[in-house]
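# Reading the structure
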Amino acid sequence: MTKKTKIILGCGIFAVIVIFVGYLISRNSKPSYNTEYGDYDCSDFSTQEEAQAFFIKNGGPNKDYHNLDKNKDGVACESLP
């Protein structure tokens, strides 16, 4: 194997490792709902039903990244009408 071939092979292996590590990091990181949808608070919704629909659509009680369910009972923004 020539020196040039070894360098190309080494770069290819390095690139595969970098891509794989990036995939693992992105797979294990928390989704960035705040970046994608904005940071929502209960005051952003007119009704509890509207907040609940958003809450469920964006992961519900298992993924409450907006902290809409303060007491963790599965109901978002209970203080809204």
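Residues numbered from 1 in each chain as written. Predicted model: local features only at pLDDT ≥ 70, side-chain atom pairs only at ≥ 80, totals over all residues. Heavy atoms only, no water.

## What about the confidence of the model for the protein?
Detailed reading of predicted coordinates is not advised where the pLDDT is low. Looking at the protein, the pLDDT average stands at 84 and 85% of residues meet or exceed 70. Ranking the elements of the protein by mean pLDDT puts helix α2 (residues 33–37) last with 49 and helix α3 (residues 48–57) first with 93. Across residues 30–35, confidence stays below pLDDT 50; counting only partners more than four residues off in sequence or on other chains, it has ten contacts. (pLDDT = per-residue confidence, 0-100. Helix = DSSP H or I, 4+ residues; strand = E, 2+ residues; numbered from the N terminus. Contact = heavy atoms within 4.5 Å.)

## Things to note about the nonpolar core
Soluble globular proteins tend to bury their nonpolar side chains together. By size, the foremost hydrophobic cluster in this structure holds nine residues: Cys42, Phe45, Ala51, Phe54, Phe55, Leu68, Ala76, Cys77 and Leu80. In this view, Phe45 contacts Tyr40, Glu50, Ala51, Phe54, Leu68 and Leu80; residues no more than four positions away in its chain are not counted. (Core = buried A, V, L, I, M, F, W, Y, C linked by side-chain atoms within 4.5 Å. Buried < 20%, exposed > 50% of the residue type's maximum accessible area, 1.4 Å probe, protein only.)

## Some points on the packing of aromatic side chains
The final tally for this structure, using the stated rule, is three aromatic pairs. Between Phe45 and Phe54, the aromatic rings sit 5.4 Å apart at their centres with planes inclined by 45°, giving tilted as the arrangement. (Phe/Tyr/Trp six-rings, centres within 6.5 Å; stacked < 30°, edge-to-face > 60°.)

## Section: a nonpolar patch on the surface
Taken together, the side chains of Met1, Leu9, Ile13, Ile17, Phe20, Val21, Tyr23, Leu24 and Ile25 define a hydrophobic patch exposed on the protein surface, amounting to about 910 Å² of accessible area. Along the chain, Leu24 falls in helix α1 (residues 3–28). (Patch = residues over 30% accessible without salt bridge, like charges linked within 9 Å, V, L, I, M, F, W, Y side chains within 5 Å. Areas by Shrake-Rupley, 256 points an atom, 1.4 Å probe, with all protein chains shown as cover. Salt bridge = Lys/Arg side-chain N within 4 Å of Asp/Glu carboxyl O.)

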